Structures are given as C-alpha cells and as structure tokens.
Amino acid sequence: MKKKINLIKKIIQDFQGGGKYIKVPNIKKYSKSDVNICKFSGLVTVVKRRNDKKIADDWSKKIFSNKFSKIKYSASIPAVVARQTYVLETLSNLRNLNKLKICDIGAGQGQFLTLLKEKYPSVKTFGIEPSKKNSALLIKAGHKNFCGTIQEYNKKINCIEKFDVISIMWTLVNTSSCLEMIKIANKMLKRNGIIILAESSRILVPFKKPLNLYFSPLRSDLHPFHFSKNSLRNLLIINKFDPFYINRYIDTDYLVIAAKKSSSVKVNKIKVDKYKDVANFFNRWHKETKNYKKIL
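For every chain, the first residue of the written sequence is number 1, and numbering continues from 1 along that sequence. Under the rules for a predicted model, residues below a pLDDT of 70 receive no local features and side-chain atom pairs below 80 are neither given nor counted, while totals for whole chains, interfaces and linings still include all residues. Just so you know, side-chain values use all the structure's heavy atoms and leave hydrogens and water out.

Enquirer: Can you tell me about helix H6 (residues 150–157), naming the residues and giving the values?
Expert: A 1.4 Å probe rolled over the protein chains alone gives each residue an accessible area, and that area as a share of the maximum for its type sets the label: buried under 20%, exposed over 50%, partly exposed in between. By definition, any uninterrupted DSSP run of H or I lasting at least four residues is a helix, any uninterrupted run of E lasting at least two residues is a strand, and each is numbered from the N terminus. For H6, the complete set of buried residues consists of Ile-150, Gln-151, Tyr-153 and Asn-154. End-on, the buried residues of H6 take up no more than an arc of 160°, which puts them together on one face. Turned more than 90 degrees away from the buried face of H6 sit Lys-155 and Lys-156, all of them exposed. Residue contacts follow a heavy-atom distance rule, with two residues in contact if any of their heavy atoms lie within 4.5 Å. Buried residues along H6 sit against helix H2 (52–63), strand E4 (101–105), strand E5 (124–129), strand E6 (144–147), strand E7 (163–169) and helix H7 (178–188). One or two positions beyond H6, positive phi appears at Asn-158, with a value near 60°. The arc in question is traced by the directions running from the helix axis to the C-beta atoms.

Okay, here's the thing in structure tokens:
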C-alpha cells in the first residue's frame, strides 16, 4: 500500500514541478527557455513556469487572433476544424450524446460546441473560456459560458452544475496546472460522466514535424506540458478517472483519451516513461530535424 501511495505522490510531484529533472537535450537550439524531462515519470514539462492566470492572460491578449502563424493562434483554420471534428466523431462513437449536458473547458471561439449542436440539437452546451473576446463569440453563437479560468469557475460557481460529458482539447498543454484542471473536471461531472481529452501526439511516437517547427519562439511556459500516451493517462488516473478508450495515436496526428469518472485511483493502470528513453527520443528527433531545418 505504501508503495502505491508513494507512486502517486511522485507522479503528482512531477506534474507540480517539484521532482528531479533534466533539460531536454539540445533545447537551447529551439527554445528561448528550458523544457525539462522529469526523472521519475518521464513527463516532459516546463518546470519553471508562471501561474495559470498570467499564462491565460497572455493567450487571451497576445496570442488569440483571426490569423494563424508561429506566434498567433486561430481556431478558424481548416486544420483546427478538422481536429475538432475528429474529436466530435470519436465522442459520438463512444456515447449517445442526445439531450446531454456537455462542457468544453478552454472553449475558444466555440467552434467545437457549434459542431456539437449542429449534430445534436438537443445537447445543452457550456463553455469555460478566459478570453473576453472569445466569450463574446460564444454568446453570439448561442452557447452559455463562464469567462475566466477553470480555477476561477470553481471558486465562483463551486462546480454546482453537473455535466454528463467534459471535453478538454489542446488546452491542458497550455495551462500551468493541468493537475488542478482535471481534478476540477472530475468534480464537475455527474456520477457516470465521462471526460475526453485531445492533444497532439508528439512524444515517443514517430516524428511528425521538425523540432524547429514544434517548439515555439514564444515563452515555453505558454505550452508547459508535452504529453505522451502514458503521461496523459496517468494524469487522468491519479485524479480518479478510469481510461477506457485511446485512439490509434502512434500514426495519427492526435492523441485522444476518454475516461469514466471513478470512485478510486486505479494504481495498477499507471505506467511511467523512462526518462532516459525520452531524452534519447529527443536526441534522435534533433538528429532527424537537421534534414528539414531549412524548410519553412
């Protein structure tokens, strides 16, 4: 029992930036600041990062835009619409969504909720979004929402409203405390509720882009987490979720995991990545990048 408790504590410590770590090999060639590999769990993260509020403010005021570039983000481009559609169709295959209450954390401009409503008119949609501009777009599109971070929502609303499904897409990687986000999401769900997470499949998989196009020229803590399949599953498990679906992430651009709310932590399902394997993966990625560095 002690061994299991210690395992959970060490994984939590890594997510909080308190464990032992090394730098991602060759990171100085691609990023202005450090990105790290945690020694216990192999989690790839930015250990020295700002708090959620500061990161959310930067995303809201400096990054969200009508255009998409290396330093700007817009959800209106075909690639983003395509990946949201992928998540919606995946979710549709896992559960009948008719008449359910669904919350999208990090709802952005509301495209996913609109796609959802078009396919299932009876669905009750809700978004949590820190950007005032995006929040206004959500209202215009007919989606109820809370303008603020998930922590602010929890503090103000105390998660009184219970949802059947919660989606978090390409958002966990951009928050200072993904641990707290998933913990609050569990609190927001009904007893038999499910959560679906979607991120880009990049760690311990075949290289899908050169490193100079993967790491941003912006501050590294604007994207403080880089998930492998194991690290994303572990995040769910330690917050009392039981993963029941993982897509074919190995040769797909997306990593999608669905999990049911659980009454306990399924410790036997935890699997860590060996940090030396992760470091070697980045060394090989750096070597391969040299063949494409001049592109774009």
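Enquirer: Could you give an account of the state of the cysteines, naming the residues involved and the relevant values?
Expert: Such a bond, covalent and formed between the sulfur atoms of two cysteines, is termed a disulfide. Two cysteine sulfur atoms make up a disulfide if the distance between them is within 2.5 Å. Considering all chains together, one arrives at zero disulfides under this definition. As a non-bridged cysteine, Cys-147 has Cys-103 as the owner of its nearest cysteine sulfur, 14 Å distant.

Enquirer: Report on the sheet that holds strand E9 (residues 225–226), specifying residues and quantitative values.
Expert: Pairing between strands requires that DSSP locate at least two bridges from one strand to the other. What the four strands build is an open sheet, ordered E1-E2-E3-E9; its pairing is antiparallel. The sheet is open, and its two edges are formed by strand E1 (21–23) and E9, each paired on a single side. In the sheet, strand E2 (residues 36–38) pairs with strand E3 (residues 44–45) via two bridges, with the strands oriented antiparallel. Bridge pairing in E3 places Ile-37 opposite Val-44. Lines are fitted to the C-alpha atoms to define the axes, a helix being fitted only along its stretch in contact, and any angle between axes, read from their N-to-C directions, falls within 0 to 180 degrees. Sheet contacts for helix H10 (residues 275–289): E1, E2 and E3; angle to E2, the most-contacted strand, approximately 155°.

Enquirer: Report on the side chain of Asn-247, specifying residues and quantitative values.
Expert: With respect to the helices, strands and loops of the structure, Asn-247 is situated in the loop between strand E10 (241–246) and strand E11 (254–261). With a relative accessible area of 4%, Asn-247 lands in the buried category. From its side chain, Asn-247 meets the backbone oxygen of Tyr-254 in a polar contact 3.0 Å long. Apart from the residues lying within four places of it in its own chain, the contact partners of Asn-247 are Tyr-86, Thr-252, Tyr-254, Leu-255 and Val-256. A 3.5 Å cut-off defines polar contacts: any pair of N or O atoms within that distance qualifies, except that in protein one atom must be a possible hydrogen donor and the other a possible acceptor, and neighbouring residues in sequence count only when both atoms are side-chain atoms.

Enquirer: Go over the nonpolar core, please, and point to the residues and values.
Expert: In this description, a nonpolar core means a group of buried Ala, Val, Leu, Ile, Met, Phe, Trp, Tyr and Cys residues linked to one another through side-chain atoms lying within 4.5 Å. Counting 41 residues, the largest nonpolar core has Phe-15, Ile-105, Ile-166, Leu-172, Met-188, Ile-195 and Phe-227 as the members making the most contacts within it. In this view, Ile-105 contacts Ile-128, Ile-150, Ile-166, Ser-167, Ile-168, Met-169, Thr-171, Met-181, Ala-185 and Met-188; residues no more than four positions away in its chain are not counted. Membership of the second largest hydrophobic core comes to 22 residues, among which are Val-87, Leu-100, Ile-196 and Tyr-254.

Enquirer: I'd like a description of the packing of aromatic side chains, backed by residues and values.
Expert: Within 6.5 Å between ring centres, the rings of Phe, Tyr and Trp (the latter by its six-membered ring) count as paired, and their orientation is classed by plane angle as stacked under 30 degrees, edge-to-face over 60, tilted in between. According to the stated counting rule, one finds 15 aromatic pairs in the structure shown. Arranged with centres 5.9 Å apart and planes meeting at 50°, the rings of Phe-126 and Tyr-153 form a pair that is tilted. Here Phe-126 is found in strand E5, whereas its partner Tyr-153 is found in helix H6, with 27 residues between them in sequence. Taking the relative accessible area as the measure of exposure, Phe-126 reaches 9% and is therefore buried. On the basis of an interplanar angle of 25° and a centroid distance of 6.4 Å, the ring pair of Phe-215 and Phe-282 is categorised as stacked. Of this pair, Phe-215 sits in the loop between helix H8 (211–214) and E9 while Phe-282 sits in helix H10, and the two are 67 residues apart along the sequence. By the burial criterion, Phe-215 is buried, and Phe-282 matches it. Through a chain of ring-to-ring contacts, three or more aromatic side chains come together here, namely Phe-207, Tyr-214, Phe-215, Phe-281, Phe-282 and Trp-285. We call a charge positioned over a ring when the NZ of a Lys or the CZ of an Arg lies within 6 Å of the ring centre and within 35 degrees of the ring normal. Of note, Arg-83 hangs over the ring of Trp-170, and the distance from its end group to the ring centre comes to 4.2 Å. In this structure, Lys-260 is placed above the aromatic ring of Phe-244, and the distance from its NZ or CZ to the ring centre is 5.3 Å.

Enquirer: If you had to explain the sheet that holds E10 to someone new, which residues and values would you point to?
Expert: Overall, mixed pairing links the seven strands, which are arranged E6-E5-E4-E7-E8-E11-E10 in an open sheet. Where the open sheet ends on each side, the last strands, each with one partner, are E6 and E10. The average undirected angle you get between the axes of adjacent strands in this sheet is 20°. The pairing of E4 with E5 spans five bridges and is parallel. Across the sheet, the residue bridging to Lys-101 is Lys-124, located in E5.

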